[in-house]
Amino acid sequence: MRFLTMGSRALLVELDPRPDGDGPADPEPAQLYRTLTRTPPAGALEYVPAARTVLVRFDPALTSAAALRDRIGQAVSAATDADVDGHSAVEAGSEAAILEIPVRYDGADLDEVARISGLSPDEVVARHCGGLYTVAFCGFAPGFGYLTGLDDALRLPRRAVPRTRVPAGSVAIADVYTSVYPHSSPGGWHLLGRTETAVWDVTRQPPALLEPGTRVRFVSQDASTTDATTNGTADGARG
Amino acid sequence: MSALEVLAPGPLATVQDLGRPGLAALGVGASGAADRASLRLANRLVGNAEDAAGVELTFGGLRARATGFATVALTGAPCPASAGGRAVGMNAPIPMRPGDVLVIGAPTQGARTYLAVRGGIDVPPVLGARSTDVLSGLGPEFVQEGTVLPIGREPAGFPTVDQAPVRRVAGEVTLRVIPGPRADWFAPDALGVLCGEPYHVTSESNRVGARLEGPELRRAGPAELQPEGMVRGALQVPPHGRPVLLLADHPVTGGYPIIAVVVDEDVDLAAQLRPGEPVRFRIDGPRPT
C-alpha cells in the first residue's frame, strides 16, 4: 500500500492485492472502499475506487493527509486481522446481497464472441451466467460498473471499432470485465445480451445498482434454472 | 412564481450550483460552477445561501426578461450590462421590475460570468444538485432561447453590501501546483519545464478541462497507467506531452498520469482563462524571501 499526494485535498491509495514478494496482500480497491464507507475516517469526504487505487478526498480544515494515512493504515490492518483471507471481507460486507440480473442473451456480438473464444454460443452464455461477479469500480459514465470475475475464456480485447451507439441495458464484456450499459452511449465492448433491469435511475436512492463491492450474478432469462456450477470465485479472472 | 425568461442564451449558458460531490464512486462527477468563488459571491450579493443555483455564462451574451420583481447580481468575467435600459455594474445587487430585460454583453476579460437571482434558480435538482454536467449530461438542460428559469422563494437574509471588491483576473495568471501522484512517471526535468515558460489555453477548452499548448512534458518511460480517480485541478498529460487542466465536469477517473495538481483555490482562476491566454505554474510552498 502506497500513499500518493493528489493536490491539497486528496490522496491516492495505491494497492497491491497480489504482491510478488512476501509482503502481506493489500485489499482490493472495492474492499478498501467498503471498509472506509463503513467506518469513515474523520474529515474524509469520499472514496473513489479504480483499477489499482482508491482516491480519498478530504476536507483540509478537518484532517490532514498524514492523519488520513494513519487512519487508513489502521482500518486496513483491522480488516485484515478480522479476516485473514482478503477476498472474503468484501463478501462478508455484502452477504445475502447478490444482485441477480436477468439477461436475454441475444446480443449482436454473441456469435462473434463464441467464434473468437472457441466456444458455442450456449457455452458462452453458460460461462457468463456461471460467474459470481464483484463491482470493482465505476467509471466511463454514471452507474457504469466494471465487474470482475469473468471466465478467462471470455477475456477478449475491446472491439477494434467501437459502436457509436450501444443501447441502455446492454450486457457486455471486454478485457477482464463485464458490465451493463446504464445509458445509451458509444461503446467498444462485446454485446452478449440485454437486461430490463435499470442499473441506473436518478430518481432512485441509491441511483446506481452497481456500487463498488456489490456482488452480481447474471441469470439467463430463457433458461428455467441458473447454472451456477462453474467459476464461483469473486475474482477468478484477475488471480 | 417569478421567473427569468431567456430571450437569448449567449454562446453557452448553464444552470450551476456547487455541484453534487460525493458520488464519484458511482461514476458521477461533482460538476457545479467552474469558478465557485464567483458563484458564491453572486449569491451573497443577493442574500442567498452560497450554494444556490445561478446561471454560468461562457462569454456572456445572455438576454433575459424578469416576469416579476427580482434582484440579481453579476460576478466573474466582467461584462457590460443593462437592466430595463439602465446600465448596471458588476459585483452589485441589481433590482429588476416586471418586464425589465437584462442584457449582458461580451466580457472584457475572463471567460465565465455568473448571474445569481435572489431566491435562486429553482429548477428540479438531479441527484441533489442543480448543475448541468456537460460530460455526463446529468442535470438541467442547457439554457436556450425560450427557457424559463423559475425563481425560488426569497431567502430570509437580505443583501448587505452594495458593491463587492474583487480580485482582477487579467494578464498572466500564475497557478500554484503540488507535484502529482505520477510526477515520477515523467523525465526528471518535467516539473521544471511545467513551471518554466508559460503555457497557452487552446480553443478546445471547456467545462471538462482546459487544454494547454506549450513545452512538452516528456515521460520517463512507456508504461501504461490504469485508470485512477481524478480531482478538479489535476494536470493530466496525454502521450503528446501537453497538459490538460481538469475543471468542473472532469471524468471521475482517467488513464493519463497526473504530473501536478493545481491548488484548489486557484482552480477558480483557471476557469477564467480564455483561449490564447498565457498561464504559468509554480510549485506551491513558502515564498522565497
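What comes next concerns the included structure. On a predicted model such as this, the values are computed, not experimentally measured, just so you know.

### Thoughts on the interface of chain B and chain A
- Each partner contributes to the interface: chain B provides 30 residues, whereas chain A provides 32 residues.
- Roughly 2,400 Å² is buried in total at the junction of chain B and chain A, and carbon and sulfur atoms are behind 67% of that figure.
- Looking only at chain B, the three residues that lose the most surface to chain A are A25, L26 and P181 of chain B, adding up to 24% of its buried area.
- At the junction of chain B with chain A, the criterion picks out 3 salt bridges.
- Residue E265 of chain B pairs with R9 of chain A through a salt bridge whose shortest N-O separation is 3.4 Å.
- Along the contact surface separating chain B from chain A lie 8 residue pairs in polar contact (both at pLDDT 80 or more).
- Among the elements of the structure, β12 (173–179), β15 (228–229), β19 (258–262) and α3 (264–270) of chain B are those that each provide at least two residues to the side of chain B that touches chain A.

### Details of helix α1 (residues 36–45) of chain B
All names here are of chain B.
- Burial of α1 is extensive: 7 of the 10 residues sit out of reach of the surface.
- Inspection of α1 places R36, S38, L39, L41, A42, N43 and L45 among the buried residues, and these make up the whole buried set.
- The elements touched by buried residues of α1 are β2 (12–16), β3 (54–58), β5 (70–76), β8 (93–96), β10 (112–117) and α3.
- You can read the cap of α1 off the contacts: a side-chain oxygen lies 3.3 Å from the backbone nitrogen of A37, and it is on D35.
- Where α1 ends, the next residue or the one after it, G47, has phi of about 80°, a positive value.

### Some words on the pairing of strand β13 (residues 215–220) of chain A
All names here are of chain A.
- The element β13 is extensively covered by neighbouring structure, given that 6 of its 6 residues are classed as buried.
- Side chains of β13 alternate between two faces, with R215, R217 and V219 and V216, F218 and S220 buried alike.
- Relative to β13, strand β5 (residues 98–103) is paired through 6 bridges, and the arrangement is parallel. Within the sheet, the bridge partner assigned to I101 lies in β13 and is F218.

### Observations regarding helix α1 (residues 29–38) of chain A
- Most of α1 of chain A is tucked away, with 8 of its 10 residues classed as buried.
- All buried positions along α1 of chain A are accounted for by P29, A30, Q31, L32, Y33, R34, T35 and L36 of chain A.

### Points about the sheet that holds β3 of chain B
Residue and element names in this part refer to chain B.
- Ordered in space as β2-β3-β10-β5-β8, the 5 strands form an open sheet in which the pairing is antiparallel. Every other strand in the sheet has two partners, leaving β2 and β8 as the edge strands with one partner each. In this sheet, neighbouring strand axes are inclined to one another by 25° on average, regardless of whether the strands run parallel or antiparallel.
- As judged from the 5 bridges shared by β2 and β3, these two strands associate in the antiparallel manner. Within the sheet, the bridge partner assigned to V15 lies in β3 and is V55.
- Contacting β2, β3, β5, β8 and β10, α1 crosses the sheet at an angle of about 150° to β5.

### Examining the sheet that holds strand β1 (residues 2–5) of chain A
Residue and element names in this part refer to chain A.
- With antiparallel pairing, the 4 strands of this open sheet are ordered in space as β1-β2-β4-β3. Bordering the open sheet on either side are β1 and β3 (44–49), each of which pairs with just one other strand. Across this sheet, the average inter-strand angle for adjacent strands is 25°, counted without regard to direction.
- Pairing between β3 and strand β4 (residues 53–58): 5 bridges, direction antiparallel. Across the sheet, E46 pairs through a bridge with R57, a residue of β4.
- Relative to the sheet, α1 contacts β2 (10–14), β3 and β4, its axis offset from that of β3 by approximately 160°.

Rules used in this analysis
- Residues numbered from 1 in each chain as written.
- Chains lettered and ligands numbered in written order.
- Predicted model: local features only at pLDDT ≥ 70, side-chain atom pairs only at ≥ 80, totals over all residues.
- Heavy atoms only, no water.
- Contact = heavy atoms within 4.5 Å.
- Buried area = accessible area lost by both parts, 1.4 Å probe.
- Salt bridge = Lys/Arg side-chain N within 4 Å of Asp/Glu carboxyl O.
- Polar contact = N/O pair within 3.5 Å; in protein donor to acceptor, adjacent residues only side chain to side chain.
- Helix = DSSP H or I, 4+ residues; strand = E, 2+ residues; numbered from the N terminus.
- Buried < 20%, exposed > 50% of the residue type's maximum accessible area, 1.4 Å probe, protein only.
- Pairing = 2+ DSSP bridges.
- Axes fitted to C-alpha atoms, helices over the stretch in contact; angles between N-to-C directions.

Just geometry here; none of it tells us what the structure is for.
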